[in-house]
Amino acid sequence: MNLPAGPAASYRASGDAEPCRACLARSPLLFALECLFEAYWEQATAIVDNGQDAPDAQTRTLVSLLAAGLTDKSIALAMNCSERTIQRRIQQLMTSLGAVTRFQASLMAVRRGWL
């Protein structure tokens, strides 16, 4: 977040005819709030409201079994497919979520509301 050089910033809220003004002075508290905002912004997940991000039934099953801590072999038996297929699907899931570990993939899926 970059604040203007002057002591005040003005912005126009949508639909307002008159700009609003806010007086922001540099301070340690403001700096801490900026750092906090930037940290949360870096960790944020994009909100997708068009339904394209929603997983299919098989992916939901895979994620729920992963979250339960099952091994690839156990997941393959539960989903009635080969262990290699499960390994490939887990890798695809991790790549699509941007996860490095299986645990992280499960956590990210929960955060997206898949479970």
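Computed from a predicted structure; not experimentally measured.

The rules behind these values
Position labels on residues start from 1 in each chain and follow its written sequence. Local features in this predicted model are restricted to residues whose pLDDT is 70 or higher, and side-chain atom pairs enter the listing and the counts only when it is 80 or higher, whereas totals over whole chains, interfaces and linings include all residues. In computing side-chain values, all of the structure's heavy atoms are included and hydrogens and water are not. Three exposure classes are used, based on accessible area relative to the maximum for each residue type with a 1.4 Å probe and protein chains only: buried under 20%, partly exposed in between, and exposed over 50%. Helix and strand definitions here come from DSSP, where helices need a minimum of 4 consecutive H or I residues and strands a minimum of 2 consecutive E residues; each element is numbered from the N-terminal end. Relevant arc is that of directions from the helix axis to the C-beta atoms, nothing else. Whether two residues are in contact is decided by their heavy atoms, any of which lying within 4.5 Å being enough. Between rings of Phe, Tyr and Trp, where Trp is taken as its six-membered ring, a pair exists when centres lie within 6.5 Å; planes separated by under 30 degrees are stacked, by over 60 edge-to-face, and by other angles tilted. Put simply, a nonpolar core is a bunch of buried Ala, Val, Leu, Ile, Met, Phe, Trp, Tyr and Cys residues held in one set by side-chain atoms that sit within 4.5 Å of each other. The convention used is that axes are lines fitted to C-alpha atoms, helices contributing only their stretch in contact, and that angles between N-to-C directions extend from 0 to 180 degrees. Any angle between 65 and 115 degrees counts as roughly perpendicular, while under 35 counts as roughly parallel, over 145 as roughly antiparallel, and the rest as oblique. Each crossing gets its hand from how the near helix is turned against the far one by less than a right angle, where anticlockwise is left-handed and clockwise is right-handed. Each patch groups residues whose relative accessible area exceeds 30% and which form no salt bridge, using 9 Å between like charges and 5 Å between nonpolar side chains of Val, Leu, Ile, Met, Phe, Trp and Tyr. Here, Shrake-Rupley sampling with a 1.4 Å probe gives the accessible areas, and only protein chains in the shown set may cover a residue. For this analysis, a salt bridge means a side-chain nitrogen from Lys or Arg found within 4 Å of a carboxyl oxygen belonging to Asp or Glu.

Draft legend 1. Structural view of helix 3 (residues 72-79). Within helix 3 the residues assigned to the buried category are Asp72, Ile75, Ala76 and Met79. Across the axial projection of helix 3, the buried residues extend over an arc of 100 degrees, all falling on one side. In helix 3, the exposed positions that point more than 90 degrees away from the buried face belong to Lys73, Leu77 and Ala78. Looking at the buried side of helix 3, the elements it contacts are helix 2 (57-67), helix 4 (83-97) and helix 5 (102-111). Asparagine 80, located one to two residues past helix 3, shows a positive phi value of around 60 degrees.

Draft legend 2. Region of interest: the environment of alanine 67. Mapped onto the secondary structure, alanine 67 falls in helix 2. Under the relative-accessibility criterion, alanine 67 is labelled partly exposed at 43%. Each C-alpha atom, one on alanine 67 and one on alanine 105, is 8.6 Å from the other, the two residues being 38 residues apart in sequence. Filtering out sequence-adjacent residues up to four positions away, alanine 67 remains in contact with Ser106 and Leu115.

Draft legend 3. Seen up close, the packing of aromatic side chains. A complete count under the given rule lists 1 aromatic pair for this structure. Here phenylalanine 37 and tryptophan 41 contribute two aromatic rings whose centre-to-centre distance is 5.7 Å and whose plane-to-plane angle is 25 degrees, an arrangement assigned as stacked. Remark: tryptophan 41 and phenylalanine 37 occur in helix 1 (residues 28-43); sequence separation between them is 4 residues, near one turn of the helix. For phenylalanine 37, a relative accessible area of 38% translates into the label partly exposed.

Draft legend 4. Highlighting the nonpolar core. Core analysis: the biggest nonpolar cluster contains 17 residues, and Leu62, Ile75, Ile86, Ile90, Leu93 and Leu97 have the highest contact counts within it. Listed by contribution, the elements that provide at least two residues to this core are helix 2, helix 3, helix 4 and helix 5. Looking at which element gives the most residues to this core, the answer is helix 4, with 5 residues. Sequence-distant contacts of isoleucine 90, that is, excluding residues within four places in its chain, are made with Leu62, Leu66, Asp72, Ile75 and Arg102.

Draft legend 5. Just the packing of helix 4 against helix 5, in detail. Where helix 4 meets helix 5, the axes come as close as 10 Å, and the angle between the chain directions of the two elements is 60 degrees. By the angle between their axes, helix 4 is oblique relative to helix 5. Note that helix 4 runs across helix 5; the crossing there is left-handed. Only Arg102, Ala105, Met108 and Ala109 of helix 5 make contact with helix 4, whose side of the interface consists of Ile90, Met94 and Leu97.

Draft legend 6. Layout of a nonpolar patch on the surface. Together, Leu29, Leu33, Leu36 and Tyr40 line one region of the surface with nonpolar side chains, adding up to about 450 Å² of accessible area. Locating tyrosine 40 in the fold gives a position in helix 1.

Draft legend 7. Fine view of the environment of leucine 70. Along the chain, the position of leucine 70 falls in the loop between helix 2 and helix 3. Its relative accessible area of 29% is what places leucine 70 among the partly exposed residues. Setting aside its immediate chain neighbours within four residues, leucine 70 contacts Leu65, Ile75 and Arg102.

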